[in-house]
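Fold and geometry: a report
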Amino acid sequence: MAKTIIATDKAPAAIGPYSQGNEAAGFVYVSGQLPIDPATGTIPEGIEAQTKQALNNVKAIVEAAGGTMDDVIKTSCFLTNIGDFAAMNGIYKEFFSEGKYPARAALEVSKLPKPEAVVEIEAIAYIK
């Protein structure tokens, strides 16, 4: 089975030795996306703005692979404060069609790769 590297300038470039995403056998694995605006390199303030940016980055990578957010079957959300869960969830649900929500894990972590980031989101999509 061969893998295809997924890359787009509509999401931030990888900040280490990894790909934005990989496709293999119809599955697209999206690396954890920090809330970095790919146009400016900045991170917005607040959990809502950061969740929106992180998910826009996930969306850009899924779309670069030929899919939509309805193709996402699993996400993992990493929060530096689990108390932000409700606020994150309010924005998160706007990115998926009701009844087509992916499976999900949400975890509190002590730190993320950028100190000003309070959320990081990774995803797996299946694109037929």
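In every chain, residue numbers begin from 1 and rise along the written sequence. Reporting in this predicted model follows two pLDDT cut-offs: at least 70 for local features of residues, and 80 or more for side-chain atom pairs to be given and counted; totals over whole chains, interfaces and linings ignore these cut-offs and use all residues. As a rule here, side-chain values cover all heavy atoms of the structure and leave hydrogens and water aside.

For the protein chain, the count of helices and strands is two helices and six strands. For the purposes of this entry, the term helix denotes a DSSP run of H or I that reaches at least four residues, the term strand denotes a run of E that reaches at least two, and both are numbered from the N terminus. For the protein chain, the N- to C-terminal ordering of α and β elements is β-β-β-α-β-α-β-β. To get the radius of gyration, use the C-alpha atoms; to get the globule rule, take the number of residues to the power 0.38 and multiply by 2.2 Å. Against the compact-globule benchmark of 14 Å for 128 residues, the protein chain has a radius of gyration of 14 Å, which places it among compact chains. Overall, the C-alpha framework of the protein chain stretches about 40 × 35 × 25 Å when taken along its three principal axes. Under the scheme applied here, a residue whose accessible area is under 20% of the maximum for its type counts as buried, over 50% as exposed, and between as partly exposed, the area being computed with a 1.4 Å probe on protein chains only. Sorting the 128 residues of the protein chain into buried and exposed places 41% on the buried side. Of the contacts formed within the protein chain by residues at least 6 apart in sequence, a portion of 67% connects residues at least 24 apart. Accessible areas in this description were obtained via Shrake-Rupley with a 1.4 Å probe; residue shielding takes into account the shown protein chains only. Accessible surface for the protein chain amounts to roughly 6800 Å². Of this, 52% is attributable to carbon and sulfur atoms. Note on contacts: a residue pair qualifies if any of its non-hydrogen atoms lie within 4.5 Å across the two residues.

Turning next to the pairing of strand 4 (residues 72-79). Counting buried positions along strand 4 yields six of eight residues, so the element is predominantly enclosed. In this analysis, strands are considered paired if DSSP registers two or more bridges between them. In terms of strand pairing, strand 4 meets strand 6 (residues 119-126) through seven bridges, oriented antiparallel. In the strand pairing of strand 6, Thr75 is matched with Ala123. Of the strand pairs in this sheet, strand 4 and strand 5 (residues 103-108) are connected by six bridges, and their pairing is parallel. Looking across to strand 5, one finds that Ser76 is bridged to Ala105. Handedness rule for crossovers: strands pointing away from the viewer, path from the first strand over the helix to the second running clockwise, crossover right-handed. Crossover connection from strand 4 via helix 2 (residues 85-92) to parallel strand 5: handedness right-handed.

For the rest of this paragraph, the subject is the packing of aromatic side chains. Only Phe, Tyr and Trp rings take part, Trp by its six-membered ring, and two of them pair if their centres are within 6.5 Å. Stacked means planes under 30 degrees apart, edge-to-face means over 60, and tilted covers everything else. Applying the stated criterion across every chain, the model contains three aromatic pairs. Seen in terms of ring centroids, Phe27 and Tyr29 are 6.4 Å apart; in terms of plane orientation they differ by 35°. Their pairing is tilted. Residue classification places Phe27 among the partly exposed positions, given a relative accessible area of 29%. On the basis of relative accessibility, which here comes to 40%, the residue Tyr29 falls in the partly exposed class. The structure contains a cluster of three or more aromatic residues connected by ring pairs, namely Phe27, Tyr29 and Tyr126. A ring is considered to have a charge above it if a Lys NZ or an Arg CZ atom is located within 6 Å of its centre and within 35 degrees of its normal. Note that Arg104 overlies the ring of Tyr92, its terminal NZ or CZ placed 4.4 Å from the centroid.

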